[in-house]
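Understanding the architecture of this molecule
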Amino acid sequence: MARIDLILKNDTSDLGRLNEVFNAFAAEHAVPTKARQQCLMAFDDLVTNIVHYAYDDEDEHQIDVTVELRAEALHIRIRDDGRPFDPFSQEDADTTLDLDERDIGGLGIHLVRSFMDASEYQREDGHNVVRLTKNLT
Amino acid sequence: MDISNERIGNVDVVSIQGSLDTNTAAQAQGHINPLLEQGARIVVDFQGLDYISSAGLRVLLATAKRLKKTGGALRICNPNDMVTEVFEVSGFGSIFDVYADRSKALDGF
């Protein structure tokens, strides 16, 4: 089965490694361009949220990222051991405000939810687990 | 990410290629900031930009806000399908002037 298993450190600079591995995977398995780009965006927004907000200490933590290609869909799982937090419980960003009132808060999650075909959160065994599905057909 | 700029008439055109995300946003902002003088006209050309995340949108928003304060203006051109859809879903399409290509963005600017 086509699969990526990657352990990232809680450091956004490690996102570059995920991008490289995922881009190679996407090329090998002919993932359509826009789906690939939308997944990269989702990785960036979700992992950055975890790195910045999940931890109460300065220690090194692991963020597990798995991607499976099956049944013509990408199944993504991002798992961290930070404090319980459901990213999808945030209020949606207000996308109608004008320039002066606009900020970026909540926008990343709004984009992830819009571009993925399914996005869900669960707290499992002391870990936050986000599961995304991106259909490729 | 590769970023460069050139002066065309009274407009600074900033070309951003690769990815505009958490790890490149600071570099992009640092490159753009010195251009934001009084009344500056900036075109951001996304030809060759693969994808943008909310960290990249933050750069555009901060740039547009600063330009508005100083009587300048921002135009964006050459977004790919992914970037276009991000603008639609985020509502940025209605607060930014987006053009299909560079010559249209420069026209009358």
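For the structure itself, consult the block above.
Residues numbered from 1 in each chain as written. Chains lettered and ligands numbered in written order. Predicted model: local features only at pLDDT ≥ 70, side-chain atom pairs only at ≥ 80, totals over all residues. Heavy atoms only, no water.

To continue, consider helix α2 (residues 54–69) of chain B. Turn by turn, an α-helix covers 3.6 residues, leaving residues three or four places apart pointing in a common direction. All names here are of chain B. Helix length check: α2 (16 residues) gives 23 Å between terminal C-alpha atoms against 22 Å at 1.5 Å per residue, within 8%. When α2 is considered as a whole, its buried residues turn out to be Ser54, Ala55, Gly56, Leu57, Val59, Leu60, Leu61, Thr63, Ala64 and Leu67. Within two residues after α2, Gly71 carries a phi angle of roughly 75°, on the positive side. (Helix = DSSP H or I, 4+ residues; strand = E, 2+ residues; numbered from the N terminus. Expected span 1.5 Å × (residues − 1). Buried < 20%, exposed > 50% of the residue type's maximum accessible area, 1.4 Å probe, protein only.)

Turning to the nonpolar core, a few remarks are in order. If you look at the biggest cluster of nonpolar residues, it comprises 74 residues, and the most contacted ones within it are Phe43 of chain A together with Phe46, Ile52 and Leu57 of chain B. At 10 residues, helix α2 (residues 33–53) of chain A tops the list of elements feeding residues into this core. Setting aside residues up to four positions removed in sequence, Phe43 of chain A forms contacts with Leu15, Leu18, Phe22, Thr48, Val65, Val67, Ile76 and Ile78 of chain A. One finds Val11, Cys77, Ala105 and Phe109 of chain B within the second-largest nonpolar core, a separate group that totals six residues. (Core = buried A, V, L, I, M, F, W, Y, C linked by side-chain atoms within 4.5 Å. Contact = heavy atoms within 4.5 Å.)

This part takes up the packing of aromatic side chains. All names here are of chain A. All told, the structure shown has four aromatic pairs over all chains when counted by the stated rule. Seen in terms of ring centroids, Phe22 and Phe43 are 5.2 Å apart; in terms of plane orientation they differ by 85°. Their pairing is edge-to-face. Highlighted residues: Phe22 in helix α1 (residues 15–28) and Phe43 in helix α2, separated in sequence by 21 residues. Accessibility assignment for this pair places Phe22 and Phe43 in one class, buried. An aromatic cluster is present here, built from Phe22, Phe25 and Phe43 joined pairwise through their rings. (Phe/Tyr/Trp six-rings, centres within 6.5 Å; stacked < 30°, edge-to-face > 60°.)

Listed by partner, the interface residues are 25 residues for chain B and 28 residues for chain A. Both sides of the chain B and chain A interface together cover about 2,200 Å² of buried area, and 59% of this is carbon and sulfur. Three residues stand out in chain B for area buried against chain A, namely Tyr51, Met82 and Val89 of chain B, and they jointly supply 22% of the buried area on that side. In this structure, the connection of chain B to chain A is made through three salt bridges. Of all elements in the fold, only β4 (49–52), α2 and α3 (81–90) of chain B reach the threshold of two or more residues within the side of chain B that touches chain A. No other element matches the eight residues that α2 of chain B contributes to the side of chain B that touches chain A. Looking at the side of chain B that touches chain A residue by residue, the class counts come to 11 nonpolar, seven polar and seven charged. (Buried area = accessible area lost by both parts, 1.4 Å probe. Salt bridge = Lys/Arg side-chain N within 4 Å of Asp/Glu carboxyl O. Nonpolar A, V, L, I, M, F, W, Y, C, P; charged D, E, K, R; others polar.)

Once that is clear, we can look at the pattern of salt bridges. Counting across every chain of the model gives 14 salt bridges over all chains. One salt bridge connects Lys34 of chain A with Glu85 of chain B, and the closest N-O pair in it is separated by 2.5 Å. One end of the pair, Lys34 of chain A, is in helix α2; the other, Glu85 of chain B, is in helix α3, on a second chain. On the accessibility criterion, Lys34 of chain A (32% relative accessible area) is partly exposed. Take Glu85 of chain B: its relative accessible area is 22%, and that puts it in the partly exposed class. Arg102 of chain B is the partner of Asp45 of chain B in a salt bridge, and the nearest nitrogen-oxygen pair spans 2.9 Å. On the criterion of sequence distance, the pair formed by Asp45 of chain B in strand β3 (residues 41–45) and Arg102 of chain B in helix α4 (residues 102–106) is long-range, its members being 57 residues apart.

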